[in-house]
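Structure at a glance
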Amino acid sequence: MPRTSCDACYFAFRRRLRDITQATTCECNACSRMPSLDLKFVAHFGQAVHQRVFGREDLVGPDVIAVHRLLKNHAVEQHGWRAYALLTEACVTKLGLDCPRLGMAIHTEQYEDINEQRGFVEDLDARWKAEQERAAFRLTPADAWVTISVDLPAPQPIAWQYGTNPRLRQQWMSWVIRIDQETTDGRPGVGTINHCVHGGDVTVEEVIDYRPYETMTIRSTTPAGPLTMTFNYETAGDGTMLTVLCAMDGSVKSKLMWPVARRMIQDRFGEGLTNLKRLLSERRGAGDPERDALSEAAAP
């Protein structure tokens with residue numbers, strides 16, 4: 001999840017920076033230097049102690065010191081990247097990431113007062129450029145043959161995890177026995193294939209559009225023909241509005257079988273989204289749904 005969060009945050013930052021730059025005509029020093037702004041992320045896993053001093057709560061401990069030291073690193077000098085995500089070895093181990101497969105570069109830092117810090121770093125500017133080159137493919141309300149919406153009692157990042165992570169999807173999709181996921185480089189995204197096992201059948205889903213926390217579109221094989229579904233996530237107060245748009249391919253077979261397919265989609269996803277809303281409500285009342293989503297999504 002940290003890598004998905006980094007992507008979502010960085011892409012939102014670059015889109016906002018682009019929009020402001022295009023809209024402003026101010027020539028002051030601050031505005032003229034705006035295009036030079038960039039972001040860096042450092043993610044670490046370790047132990048910390050909560051300490052309250054003068055009414056303010058802080059985290060203290062060796063791991064807290066380590067991650068603060070890592071904010072002053074040599075990633076720019078070693079790799080030439082201004083915008084990057086640096087994940088420590090402890091973070092990578094906890095999440096079970098295969099960083100070489102993801103194309104991340106090995107990185108080490110040495111400080112006088114702490115042990116050598118090893119990890120992996122990724123070029124976020126390259127990720128942004130690849131994102132810009134990729135054409136979006138998603139259904140609009142005008143395209144949809146059926147639309148289902150639900151208010152979820154969780155912020156966008158958590159609702160997104162429960163809607164896209166195979167382990168978490170199985171908790172509310174009662175008709176699915178197992179979801180096997182295939183990715184090209186270990187990173188969920190465009191090109192990811194999900195094999196959804198339900199009963200004696202297997203539905204194959206291909207992810208054709210993927211923008212973390214905002215929207216995902218999949219194309220599935222069904223007896224009625226190819227089915228396209230777009231899942232849109234929008235902030236609604238302190239929760240998330242999830243809207244599911246569905247459409248068939250428009251063939252004669254699909255049109256003939258659509259009345260049956262529509263009832264099945266409405267029944268299954270109506271029940272499933274009701275289960276998801278109840279699950280998130282129960283987790284919000286019992287504890288921390290964000291922590292649960294993080295730990296379950298990262299579990300092997």
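A brief report on the enclosed structure follows.

Thresholds, definitions, all that
- Residues numbered from 1 in each chain as written.
- Predicted model: local features only at pLDDT ≥ 70, side-chain atom pairs only at ≥ 80, totals over all residues.
- Heavy atoms only, no water.
- Salt bridge = Lys/Arg side-chain N within 4 Å of Asp/Glu carboxyl O.
- Helix = DSSP H or I, 4+ residues; strand = E, 2+ residues; numbered from the N terminus.
- Buried < 20%, exposed > 50% of the residue type's maximum accessible area, 1.4 Å probe, protein only.
- Pairing = 2+ DSSP bridges.
- Axes fitted to C-alpha atoms, helices over the stretch in contact; angles between N-to-C directions.
- Core = buried A, V, L, I, M, F, W, Y, C linked by side-chain atoms within 4.5 Å.
- Contact = heavy atoms within 4.5 Å.
- Phe/Tyr/Trp six-rings, centres within 6.5 Å; stacked < 30°, edge-to-face > 60°.

**Description of the pattern of salt bridges**
Taken as a whole, this structure holds 16 salt bridges when the rule is applied. A salt bridge links Arg138 to Asp209, with the shortest nitrogen-to-oxygen separation between them at 3.3 Å. Of this pair, Arg138 sits in the loop between helix 6 (124-133) and strand 7 (146-152) while Asp209 sits in strand 10 (residues 201-211), and the two are 71 residues apart along the sequence. Exposure remark for Asp209: the relative accessible area of 0% places this residue in the buried category. With a shortest N-O distance of 3.0 Å, Arg169 and Glu205 are connected by a salt bridge.

**A look at the sheet that holds strand 6 (residues 117-123)**
The strand order 1-4-6-5 describes an open sheet built from 4 strands, whose pairing is mixed. Edge strands, defined here as strands with exactly one partner in the open sheet, are strand 1 (40-43) and strand 5 (105-109). Shown here is a sheet whose adjacent strand axes are inclined to one another by a mean of 25 degrees, direction ignored. Note that strand 5 and strand 6 share 5 bridges and pair antiparallel. For Glu109, the partnering residue across the bridge sits in strand 6 and is Gln117.

**Notes on the nonpolar core**
Counting residues in each nonpolar core, the largest one holds 39 residues, and the members touching the most others are Tyr162, Met229, Phe231, Leu242, Ile265 and Leu273. Those elements that provide at least two residues to this core are strand 7, helix 7 (156-164), strand 10, strand 11 (215-220), strand 12 (227-236), strand 13 (239-248) and helix 9 (252-286). The element best represented in this core is helix 9, accounting for 8 residues. Setting aside chain neighbours within four positions, we find Ile265 in contact with Val146, Ile148, Leu227, Cys246, Trp258 and Gly270. Ranked by size, the runner-up nonpolar core spans 11 residues in total, among them Cys6, Phe13, Leu124 and Trp128.

**Details of the packing of aromatic side chains**
Tallied over the entire structure, the rule returns 8 aromatic pairs. Ring geometry for Phe11 against Trp128: centres 5.9 Å apart, planes inclined by 45 degrees, an arrangement best described as tilted. Taken as a pair, Phe11 in helix 1 (residues 2-23) and Trp128 in helix 6 lie far apart in primary sequence, 117 residues in all. One exposure class covers both Phe11 and Trp128, and it is buried. A ring pair is formed by Trp160 and Tyr233, whose centres lie 5.4 Å apart and whose planes are at 65 degrees; its orientation type is edge-to-face. With Trp160 in helix 7 and Tyr233 in strand 12, the pair connects residues that are 73 residues apart, well separated along the chain. Comparing Trp160 with Tyr233 shows no difference in burial state: the two are buried. Aromatic ring contacts, followed pair by pair, group Trp160, Tyr210, Tyr213 and Tyr233 into a single cluster.

These results come straight from atomic positions and should not be treated as a statement about function.
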